[in-house]
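These are the residues of each chain, in order.
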Amino acid sequence: MNYFLVQLRIFCTVSLAASLEVVVVPAINATINEDVLLGCLFTHTVELDLRYIVIEWNHRVGDDEKAVCLFDFGDYESCRSGSSLSINEISKANASLLLKNVTIHDIGSYSCTVTILSDKAMGRVTLAVTAPPTVSVNTVNIDVELGEDKTIICEMKHFYPEDHSLSWVKRGSQGSENQVDVTSSAVVGSLQQNQDGTFNLLSFLIIKGTLADDGASYVCQVSHEALMTTLQKVVSLTIKGSKPRSGILLTFLLTCVITAVVCVATFNFYSRKIKVAPKVTDIIQSNHFRMEDPLSLACAVLWFKPKAINISWYREEEGKFQRVLISKWKSTSLSNKLGEGDRVDYQSEQEQDKILHFTEGDHDIAMTLKYHQGSGAYSLISQLTFRTAEATKRKLLYSFEVQHDALKQSVSKVVVLEIKGACDNSVYFPPRMKRPDWAIHAIEEGRRTLVNYISPNILPLLHLLMSKKIISEGDHNEIKDKSDVDKGRTLLDMLSHRGQQSSAEFLEVLQDTDNIYPGLKKFVTTLLESYIDKEDKPLIDLLNGNLPPISFEGINENIQITNFPEEISEAVATHKSTLQEQMERIKPYFVFDNSRPLLQEHFTSLVILNVREKNKTEHELLQHRDYTACERIDLKQLLSPSAPGEKPPRVTLVQGVAGIGKSVMMQKLTHSWACGMIYTGFYILLYFSFRELNTIKDNISLTELIVCSYPHLRALCNKILKYPNRILFLFDGLDEFKLSLEFNNPSIIDPSIAQQINHLIVSIIKGDLVPEATVLITSRPTTIDLDNKAYFNRCAEILGFSKKEISAYFLKCLKDIKVADHVFQTVKSIDSLFGLCYVPAFCDILCFYLHKTFHCKGKWSQISSFPRTITDLFLRFTKCLLVCNSDEEEDLESFCIEDDNDKNEIIKLAQLAWDGIINKTIIFSTKDIERNIAQNPQDKKSFWKKILTKESQKMMQSHIWQFFHLTHQEFFAALYCISANEPSVDHVHKAFSSKSNVFEIVLRFTAGLVSHSNRKLVKQLVPKHQVKETEVFDAIKNVAAVDVPKEDTLSPENITKYTVHKRQKLTASHCLYEAANENLTQLVASQTSDVVNFSYISLNVTDCTAIANLLSYHQTIETLELDGCKAGASGFQRLESVFSRVKILSLEGNMLEDEGAEIIANALKNETCRIEILRLKHNSIREKGAAQIAEALKTNSSLKTLGLRANTVGAKGARSIAEALEINTTLRVFGLQFNKIGDEGAKYMAQAMKTNRSLVELRLGDNDITEKGSGYFRSALEMNDTLEELWILVNNISNDGKEKLKNGSHKNPNLRLN
């Protein structure tokens, strides 16, 4: 290997008195890919010992400085691949750094810092790297017919820096030495930068065949600072038929002279009016390229008049029917593509000479427009750049199209990019993670489950971790002596404290322990999915196979694309047209202006996330929605591979609660496919609704099912099924399917054989019937058994709207931006309502009510008085439906049901809803309606039709009925519960005593319906029935009286038992909030235990509001435990006033961070604060949060115990707390373990102990404290006589240092050191 050696010359004499000096060569020049030695010598008067030498090399570019390598007391660490120091040379006072294969990214200033004992010196080296260009031309010999135009292309590649000189000269024929500079006739493209920082450039020169040029040559000359001499590429020119007889030649020349005189005389007059057709070159692509570089395609359009011209780039895939427009540009409106970040470069004083840069999707486009002054003509170069990593296995066709007035028809040029073979031996590099401390956060997020897995049998894991040197033998002994539950906790604390690398190594080990802990690998893999930073997938749909290595081939304008049979193409076109018409308009829950809005106008994007927990609660009101560590999936990426090297999912399950937008998403996907906007890799899409599939009673084959739904495919159904890998099945609403999916039954693989419809669906999902078809299914959560979810390659969940999208949806529904913003801000202030607005269906309900109640009557000024609970809203919404759908306009408040038949129908409708909740039925047939409500469902004046919606089933020519939304059905079930007159059945008792969560929302509505504020409206709905207020209040008291037993162990059985009790308590809190009965709430609060525990159940903001409402009436709260409930700062903010009134507050494992710490600090600052014990372990509290808590400690006089274990307050946070401890006189126990305070933090804490006389126990274990830090405490303990226990020995203190600390002169002789 040839090293680029640097000769160091030292021109000074170092005196013996000098302590430490560093001598470097200040500037070094290198060529790319060479090995470079950055010289650094140091001198010292004492004998060198590697144990006392530290050498640091850092690289600075601008304000950014990064470590290159570190030699630290004999240990060496390299941060730049290929960098190295020689230990032998270091012992000779040579700290020179070797950089192998330098790149453009290595350019910059390097600092060499040498530290020996207490002496330190530094020198700086500047490294400059250049890359010489490679130059090539498209041909070395060119034959031209007389009068023909030809183009020569010169390409510079991989050069740096960008400064260069590229010129063209023309040399005379027959050995003539005459040279003419013709650079002004050339058109130069824009610089294209590669991934490695180097540049590429194209130059086009157009030549015209004349007899005088026969035998001439054109030379492309390139100069660059990295080149020793100018590079030249010569192109020889031959004019065909250029040897006529001398007489003919003389005649020809005289004719040319005379003609030229005439032409010149008239040229100026007509030149402006002549149209000249452009000459379009072939698409140019690189002959050589590297995988890491972007690929550029370029095409030149030369010598055209007038200026007006249209340029388009298209992309197409072999075997597909539509080409996709990438970009369209008009020269007459140069600014039409400019957006933020786009630019126009003016390269001369002529305004016509410009370079335009802009971006379209994943493609960068550059347009170079040149004006030829002599002829008045124009030329341009269009360059298209994209990443080769976005290519797929199929052939990709890129086409360039030119339209101009002088052309009879547009001119197209095509290039084929083909990838050969699959990547069998490709190495998959793990994707980047979203945050640098991902492993630490992953351990904290999965802490409870990890402890449950490893604690009962932790010894094999400890031995494995020791063998990989992740923990030491001392760590092993410390952990094994703990109790079973504490073993796992101690190990996780230890690893989290030691940082990202140890945590990441631990998680890697866990994935190889399935033989010890079955199921743990799967849990860890799922846990880590949300931390992967996956780049956005390309718009090209990656639907077939893995990403292979890419090799592009040359241009072929006559490429033949393999199409499917023409008859199939025609059927597909008809199919797409049919789907477009069917899916063009969305059917909203409620119509505001008697029209169905266009899907494209009404659709608002939804948050789609990878599912991480498959046992999800079904109801939207019970959901905890956390975006912090989730991967958002775009609709275009839903069926694409998760990462390079992975296959696309064949079967995808998308889950979401009722009304979240699953069906609208399927409608949007179907419509977009039919319009050629998405998933164009499928040539047929077959959409089925499980509602319609429920109507199929007899056996049916797949071909019959397709023909029954899509009659226009009858003749070609069998032919279509011959291409299964191009078929996309959409099945919407699995939760509504009445039959069960039995995955264990044998499958029928012949699509023409009839079978039960549920068996048919299973055969498609399993891949037995249509083996390579892609399947997308939507469902509510918990519909599919966990064991059967193995058949789904991807599980995703729709979380609905974000705050921004809620605001956008309000605007779409209410039209007026001021009104929509006013509504958004008002609803946002009401937790119980805003907590539901992420569900699109609920937004529809809310907007419909607001529109009909306030907008239609011009009462927006009264909006502050609108409903404050979900019961208030649904009660008024129901009345609004009945009023607004009546024949006459009536006021909402005065509306009353007078007709006896209507009164009976309301009760029957409520009973139908009640029975549906019990039987988990949300879809009702016409027979259900006839049996339960009306004998004649066709009666248009039926009262119940104002509540239920009808949907036609085209397959079996029937109808189905349903409530607008599941929550509306639950509202009517609650209405039945409080008003039903059935002496034999106590519906209230049945609902409140149920252990199933299906009644949770019904119970909330039940409580809200008997509230005093709603009594009048309820009586208007059910005037003939007595509302069971007493029974409901008694039931709420009984549910609230359930005591939550103490959690003594962490067994899964106990966790489940405790969770059920806690959810009952939470339900009671919500019922009290809905009932809004102060006397009842006071009574329940007085009977509530002094220990309130909601730990380890997920709480949302609405839950916290309900809990705060109950506890605001509780006068003697002793303990409030909210460990691991993930309520976040926004949730705990609702409980801030409650926090200050409890004695023991436990908020461990909530990832509060600094924002949550501020809420805790505010509670501590409260003048009436009663908090005596505060536990804040595992909350990611940093320096800022520690400072806020410290400020509160300066004035707080109630707190006696504070636990901040396993946060990251650091030395600065420790300083803030130490300053507070010098003032505070009441805190007795303080835990700051695992906080990385180091020796600096120990210094501040020791200083505080010199004056503090209240602390009796201080815990500072596992804080990277060394003997230096412990030394600060030796002097502090000589002055402190109140501290009884100091936890400090479990640090990086030597045995000698521990003995010094133990044997120090302690003022308190009873002090215990741990």
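Being a predicted model, the structure only gives us computed values, none of them experimental.

*Asks:* Explain the packing of helix H35 (residues 1183-1193) against helix H36 (residues 1210-1221) to me, please; I cannot follow it from the model alone.
*Replies:* At a minimum axis distance of 8 Å, the contact between H35 and H36 shows a crossing angle of 0°. On the basis of the axis angle, H35 is roughly parallel to H36. The segment H35 lies against H36, with Glu1183, Ala1186, Ala1187, Ala1190 and Leu1193 engaging Lys1212, Gly1213, Ser1216, Ile1217 and Ala1220. Partitioned by chemical class, the residues of the contact of H35 with H36 number six nonpolar, two polar and two charged.

*Asks:* How should I be thinking about the pattern of salt bridges in this particular structure?
*Replies:* When charged atoms on two side chains of opposite charge get close, those side chains can pair. For the structure on display, the rule yields 22 salt bridges. Between aspartate 1034 and lysine 1037 there is a salt bridge whose closest N-O contact spans 3.3 Å. In this pair, aspartate 1034 and lysine 1037 both sit in helix H28 (residues 1029-1040), three residues apart, roughly one turn of the helix. Its relative accessible area of 35% is what places aspartate 1034 among the partly exposed residues. Put simply, Arg447, Asp493 and Arg1205 are held in one network by salt bridges that share partners.

*Asks:* Help me out: how do you make sense of the packing of aromatic side chains in this one?
*Replies:* Each aromatic ring pair is summarised here by two numbers: the centre-to-centre distance and the angle between the ring planes. Tallying each qualifying case throughout the model produces 27 aromatic pairs. Aromatic pair tyrosine 453 and phenylalanine 523: ring centres 6.4 Å apart, planes at 40°, arrangement tilted. Of this pair, tyrosine 453 sits in helix H4 (residues 447-454) while phenylalanine 523 sits in helix H9 (residues 520-529); the two residues are 70 residues apart in sequence, bridging distant segments of the chain. Look at tyrosine 453 and you get partly exposed, because its relative accessible area is 28%. Residue class for phenylalanine 523 comes out partly exposed when judged on its relative accessible area of 22%. On the numbers, 5.9 Å between centres and 5° between planes, the contact of phenylalanine 729 with phenylalanine 731 is stacked. The class of phenylalanine 729 is buried, set by a relative accessible area of 0%.

*Asks:* Explanation requested: the nonpolar core in the structure shown.
*Replies:* One recurring pattern in soluble globular proteins: nonpolar side chains tend to sit buried together. Core analysis: the largest hydrophobic core is formed by 163 residues, its most contacted members being Leu693, Phe729, Phe731 and Phe810. Here phenylalanine 729 is in contact with Leu686, Phe688, Leu702, Ile764, Val770, Ala773, Thr774, Val775 and Leu776, once residues within four sequence places are set aside. Grouped together as the second largest cluster of nonpolar side chains are 73 residues, Phe1094, Ala1163, Val1209 and Ile1265 included.

*Asks:* Is there a simple way to think about the state of the cysteines in this case?
*Replies:* A covalent bond bridging the sulfur atoms of two cysteines is what the word disulfide describes. Here the structure, examined in full by the defined rule, presents two disulfides. Here cysteine 154 connects covalently by a disulfide to cysteine 220, the sulfurs 2.0 Å from one another. Judged by the sign of its S-S torsion, about -75°, the cystine formed by cysteine 154 and cysteine 220 is left-handed. Here cysteine 154 is found in strand E14 (residues 149-159), whereas its partner cysteine 220 is found in strand E20 (residues 217-223), with 66 residues between them in sequence. Accessibility expressed as a relative area gives 0% for cysteine 154, which makes it buried.

Quick notes on the rules
Residues numbered from 1 in each chain as written. Predicted model: local features only at pLDDT ≥ 70, side-chain atom pairs only at ≥ 80, totals over all residues. Heavy atoms only, no water. Axes fitted to C-alpha atoms, helices over the stretch in contact; angles between N-to-C directions. Helix = DSSP H or I, 4+ residues; strand = E, 2+ residues; numbered from the N terminus. Parallel < 35°, antiparallel > 145°, perpendicular 65-115°, else oblique. Contact = heavy atoms within 4.5 Å. Nonpolar A, V, L, I, M, F, W, Y, C, P; charged D, E, K, R; others polar. Salt bridge = Lys/Arg side-chain N within 4 Å of Asp/Glu carboxyl O. Buried < 20%, exposed > 50% of the residue type's maximum accessible area, 1.4 Å probe, protein only. Phe/Tyr/Trp six-rings, centres within 6.5 Å; stacked < 30°, edge-to-face > 60°. Core = buried A, V, L, I, M, F, W, Y, C linked by side-chain atoms within 4.5 Å. Disulfide = S-S within 2.5 Å.

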